[in-house]
Amino acid sequence: MLKGKTIVLGVTGGIAAYKAVYLISALKKQNANVHVIMTEHAAEFITPLTFETRSGNRCIVDMFEKHFEYDVKHISLAKAADLMIIAPATANFIAKAANGIADDMLTTVFLAAKCPKLVAPAMNTAMYENPATQANLERLADYGIKIIEPDSGLLACGDEGKGKMPEHDVLLEHILDTIAFKKDMNGLKVLVTAGPTQEAIDPVRYITNHSSGKMGYALARVCRMRGAEVILVSGRTSLDAPFGVKRVDVVSSQDMHDAVLEYAPSVDMIFKAAAVADYTPLEVADHKIKKQDGDMSILLKRTSDILADVAKIRRPDQVICGFAMETENLIENSRSKLKRKSLDMICANSLRTEGAGFQVDTNVVTLITADDMIELGILSKAETAYRIVDKALELRSGKLVKA
Ligand code: CTP
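Residues numbered from 1 in each chain as written. Predicted model: local features only at pLDDT ≥ 70, side-chain atom pairs only at ≥ 80, totals over all residues. Heavy atoms only, no water.

## Some remarks on the site of the ligand
Alright, step 1. Close to the ligand lie 15 residues; Lys272, Ala274, Phe323, Lys337 and Lys341 are nearest.
Alright, step 2. Between Leu307 and the ligand, the recorded distance is 2.9 Å, taken from a backbone N or O atom to an oxygen atom.
Alright, step 3. If you map the ligand onto the pockets, it falls in the largest pocket.
Alright, step 4. Its residues placed into classes, the shell around the ligand shows six nonpolar, three polar and six charged. (Near = heavy atom within 4 Å. Polar contact = N/O pair within 3.5 Å; in protein donor to acceptor, adjacent residues only side chain to side chain. 1 Å grid on protein atoms, 1.4 Å probe; cavity = no way out; pocket = protein on both sides within 12 Å on 5 of 7 lines; lining within 4 Å. Sits in = over half its atoms within 2 Å of the grid points. Nonpolar A, V, L, I, M, F, W, Y, C, P; charged D, E, K, R; others polar.)

## Side note on the packing of aromatic side chains
Alright, step 1. With the rule as written, the count across this model stands at two aromatic pairs.
Alright, step 2. The ring of Tyr386 is capped by Arg226, whose NZ or CZ atom sits 4.0 Å from the centre of that ring.
Alright, step 3. Sitting above the plane of the Tyr279 ring, Arg302 keeps its charged end 5.8 Å from the centroid. (Phe/Tyr/Trp six-rings, centres within 6.5 Å; stacked < 30°, edge-to-face > 60°. Lys NZ or Arg CZ within 6 Å of the ring centre and 35° of its normal.)

## Here's the deal with the domain arrangement of the protein chain
Alright, step 1. When the domains of the protein chain are assigned, the result is domain 1 (6–179) and domain 2 (189–283 + 298–402).
Alright, step 2. Each side of the interface is counted separately: domain 1 has four residues, and domain 2 has four residues.
Alright, step 3. Together domain 1 and domain 2 conceal approximately 500 Å² of surface at their shared face, both sides included; 52% is due to carbon and sulfur atoms.
Alright, step 4. Contact with domain 2 buries area across many residues of domain 1, yet Glu173, Leu176 and Asp177 alone supply 86% of it, more than any other trio. (Domains from an automatic or database assignment. Contact = heavy atoms within 4.5 Å. Buried area = accessible area lost by both parts, 1.4 Å probe.)

## Regarding the side chain of Thr369
Alright, step 1. Relative to the elements of secondary structure, Thr369 occurs in strand β18 (residues 362–369).
Alright, step 2. Since its relative accessible area comes to 2%, Thr369 is described here as buried.
Alright, step 3. Every residue in contact with Thr369, bar those within four places of it in the chain, is listed here: Arg335, Leu338, Asp344, Met345, Lys391 and Leu395. (Helix = DSSP H or I, 4+ residues; strand = E, 2+ residues; numbered from the N terminus. Buried < 20%, exposed > 50% of the residue type's maximum accessible area, 1.4 Å probe, protein only.)

## Observations concerning the packing of helix α1 (residues 19–29) against helix α3 (residues 48–55)
Packed helices, taken two at a time, are described by the angle between their axes plus the distance between the axes.
Alright, step 1. With their axes 9 Å apart at the nearest point, α1 and α3 run at an angle of 15° to one another. Between α1 and α3, the angle is such that the two are roughly parallel. Pair α1 / α3 crosses with right-handed handedness. Where α1 approaches α3, its residues Ala20, Val21, Ile24, Ser25 and Lys28 are matched on the opposing element by Thr50, Phe51, Arg54 and Ser55.
Alright, step 2. Taken together, the residues of the contact of α1 with α3 break down into four nonpolar, three polar and two charged. (Axes fitted to C-alpha atoms, helices over the stretch in contact; angles between N-to-C directions. Parallel < 35°, antiparallel > 145°, perpendicular 65-115°, else oblique. Left-handed = near helix turned anticlockwise from the far one by under 90°.)

## Here's the deal with the side chain of Thr6
Alright, step 1. Considering the arrangement of structural elements, one finds Thr6 in strand β1 (residues 6–11).
Alright, step 2. According to the relative accessible area criterion, Thr6 is buried, its value standing at 12%.
Alright, step 3. With residues near it in sequence (within four places) discarded, Thr6 still touches Asn33, His35, Ala80, Ala81, Asp82 and Leu83.

## Focus: the layout of surface pockets
Alright, step 1. Put simply, the largest pocket is a space of about 860 Å³.
Alright, step 2. Contributing to the lining of the largest pocket are 39 residues, with Ala274, Ala275, Val276, Phe323 and Met325 lying nearest its centre.
Alright, step 3. Mapped onto the lining of the largest pocket, the elements with two or more residues apiece are α10 (214–225), α12 (306–313), β16 (319–326), α13 (330–340) and β17 (345–350).
Alright, step 4. Ranked by residue count, the leading element in the lining of the largest pocket is β16, at four residues.
Alright, step 5. By residue class, the composition of the lining of the largest pocket is 15 nonpolar, 15 polar and nine charged. (Points joined across faces, edges and corners; volume = space filled by probe spheres on them.)

Have a look at this one:
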C-alpha cells in the first residue's frame, strides 16, 4: 500500500529505538522506500548498520558526515519525504521540535519537511506527564503534527505507567491511515457489516456459519483509509477492530438487524458483507438441553431480512451494496438478489472458486449492478475492497448527478 512512497523515520535516544527496526520491516513489506535519520544518542542504543541493513539505504546520524548522496541533504530528504515519523521521540526531541530548534540532522529535516509528520513519544511516565512535555506536545499538535499516544505498562526504568511506544503494527496503521490512499471518501459516513451471526439453541450451543469477517473488515479499513467515518457492525470474529473504525459488536441476526437499522439512516453507503443466519431456533432453551435416546429436531423460524428492511427506509442518495455467496448459478442468483433486495450493487462470489470464500485472504468477486458486470479476478481481500469502494463511489456520483 506504500509503493512509491518515501518514509523518513527519525529515531531518537530511547530504549524503544530497537523497535524502530520492526517498523522498517513492516514498511518495506508495504513496498515503501525508508530512510532513517538517528540522533547521536540513538546510536548509543542501536547501531546505524542495523537500520541500513533493514532499510537498504544509508542511515544518517550526523549533520556533517562526509559521504554526501545529496547536495544539501537535509533539504533533499525533507523534499523527498511523503511522510516523516519520529519513533521513538524523546522529551528532548519533542521540546526541540516544538520550539523550532534545528541543531542536528534530524531536527533540521523535521523543520524543513512539509509532508505529514507523526511523532510517537516514548519516555518515563513522569517525563511524559511533565507539564513542559505536555505543553510541547500540544504545540506540535497545533502545528498539525499527529501525536501517537503512548501505551501504558511496565517501562524500561521499572516504573509502571504511560510512556511505552506502541508496537510497530500500530505505528504502521497510523502511517497507512495518513498516506496510503487519496482521501476520496472525506466527509462520507459508511456502515459495514461483517462476520457470522450466532443463533442460540440453549445456553451452551448455537447455529452459525464459517464467515471469518475478513472481507467486511477489509472494506471497513479501506473506507477509513480513504477518509470515511466508518461504523462496523460485527458478529463474533477473531479479528481486531480496524484502526479508527467504530465497531459495534453483535451476536445474533436480531442484534445485527437492530444495530443496522439504528445506524442506516445516518450513513451514505452500506456494505453488507456479514453472513446472516436465515433461520433461528423458534425457542431458546433456558437450560442446557440434555441428550435423549433417538433423534432430535430443532424447530427454526425465519429471521428478518436486514437488507430488505433497510431498503424500506433508504434515502435515494444512499448506495447499498450486498454480498452473495453461492455454490451454483452465481450470476443468475446474484442478479435476482440485486432486484429482490433493491440494491445498487451486489458482490457475487462462489464458494466453488479457488481463492474465494470463507477464512482465506483472497477473493474472486464479480460486481453486479443494474447495468454493469465487472469480474475482478483473484485479488487480496484488501484489493477487492478497494475496487468495490471505487464502484460504490461511481454509483454515488451517478446518483448525485441525477438528483
Ligand atoms: N442478508 C440480510 N439479512 C438476512 C440474510 C441476508 O441482510 N437475514 C444480506 C447479507 O448480508 C448479504 C445478502 O443479504 O449481503 C445476501 O445474503 P444471502 O444469504 O446470500 O441471501 P439470502 O437472501 O439469504 O438468499 P438465499 O438464502 O436464497 O441464498
